[in-house]
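Residues per chain are reported as follows:
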Amino acid sequence: MKDQKRFAALALSAVMVFSMAGSVSAAQKVESKDDLAGATIGVQLGTTGDLDASDYEKDGSTVERYSKGSEAVQALKAGQIDCVIIDSQPAQKFAENNDDLKILDEPFEEEEYAICLKKGNDELLDKINGALKEMKEDGTIDSIMDNYIGEDAGKTPYESPEDVDRSNGTLVMATNAEFEPYEYHEGDDIVGIDADIAQAICDKLGYELKIEDMEFDSILPAVQSGKADFGAAGMTVTEDRKSSVDFTDTYADASQVIIVKK
């Protein structure tokens with residue numbers, strides 16, 4: 001009987017060790033872009049990071065796609081993936097809020113942000129480009145950026161002029177409010193760089209602004225179908241996207257970066 005109990009205990013221990021070993025995947029150390037081949041990469045679905053990471057699938061990489069950047073970061077912290085590819089400014093916020101994460105020094109990809117509109121909506125495109133030009137020249141865009149990024153963050157909030165005529169109606173902006181500092185939730189409001197730039201554009205053009213929050217990969221379809229007048233979500237101009245929507249002039253330079261555990 002003792003031998004049977006001892007055998008049963010040993011068998012149970014072996015099963016537990018095997019199960020624990022099977023539940024932990026072998027992590028791949030990512031210290032540069034050169035280490036991405038064969039790694040498990042986390043991205044936000046439909047973003048530039050998703051598109052760029054897909055190129056590594058032919059090299060044996062696995063791309064795990066999440067509806068929110070924060071979900072990818074949590075998967076990284078839990079050891080389920082080896083790294084996250086995401087835009088630089090949101091990455092800085094994630095790194096600031098998580099002591100166990102860091103951003104690799106080498107940028108993954110340089111990019112430019114712009115506002116997207118339905119193809120053929122040339123009148124609104126020209127109006128927004130005109131407003132963006134004025135805002136670049138008078139320092140409005142720089143001031144909005146400074147209010148969210150850098151040493152002067154919080155010191156230069158954008159405020160609409162009191163005498164704005166909004167008789168031209170309402171413009172609907174499609175966004176994904178999971179992308180701090182460009183768009184994120186603050187209580188019941190959606191705030192951030194893109195929200196302020198969109199508000200400043202509407203102030204100049206005489207419109208009310210309505211912001212619709214949705215999944216990132218739903219923004220282009222919303223603009224294409226006319227459910228939204230334009231999309232602004234830290235959106236990178238790519239040839240693939242230009243085949244389905246038109247883009248305004250760029251208003252910000254950014255980069256994709258790689259987040260890893262320390």
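Owing to the predicted nature of the structure, the values given are computational and were not obtained by experimental measurement. (Residues numbered from 1 in each chain as written. Predicted model: local features only at pLDDT ≥ 70, side-chain atom pairs only at ≥ 80, totals over all residues. Heavy atoms only, no water.)

(A) How the structure looks around the domain arrangement of the chain. Each assigned domain of the chain is listed with its residue range as follows: domain 1 (33-110) and domain 2 (112-254). Averaged C-alpha coordinates put domain 1 and domain 2 at centres separated by 25 Å. Counting residues at the interface gives 14 residues for domain 1, matched by 16 residues for domain 2. Between domain 1 and domain 2 lies a buried interface of about 1400 Å² when both sides are counted; carbon and sulfur atoms form 49% of it. At the surface where domain 1 touches domain 2, the tally comes to 1 salt bridge. Residue E178 is joined to K68 by a salt bridge in which the shortest nitrogen-to-oxygen separation is 3.7 Å. Where domain 1 meets domain 2, there are 6 residue pairs in polar contact (both at pLDDT 80 or more). (Domains from an automatic or database assignment. Contact = heavy atoms within 4.5 Å. Buried area = accessible area lost by both parts, 1.4 Å probe. Salt bridge = Lys/Arg side-chain N within 4 Å of Asp/Glu carboxyl O. Polar contact = N/O pair within 3.5 Å; in protein donor to acceptor, adjacent residues only side chain to side chain.)

(B) Expanded view of the side chain of D194. Tracing the backbone through its elements, the reader meets D194 in helix α7 (residues 193-205). This buried residue, D194, is left without a salt bridge; R241 holds the nearest opposite charge, at 11 Å. Once you skip the residues sitting within four places of it in the chain, D194 turns out to touch M173, Y182, E183, A232, A233, G234 and Y251. (Helix = DSSP H or I, 4+ residues; strand = E, 2+ residues; numbered from the N terminus. Buried < 20%, exposed > 50% of the residue type's maximum accessible area, 1.4 Å probe, protein only. Lys, Arg positive; Asp, Glu negative; His and termini not counted.)

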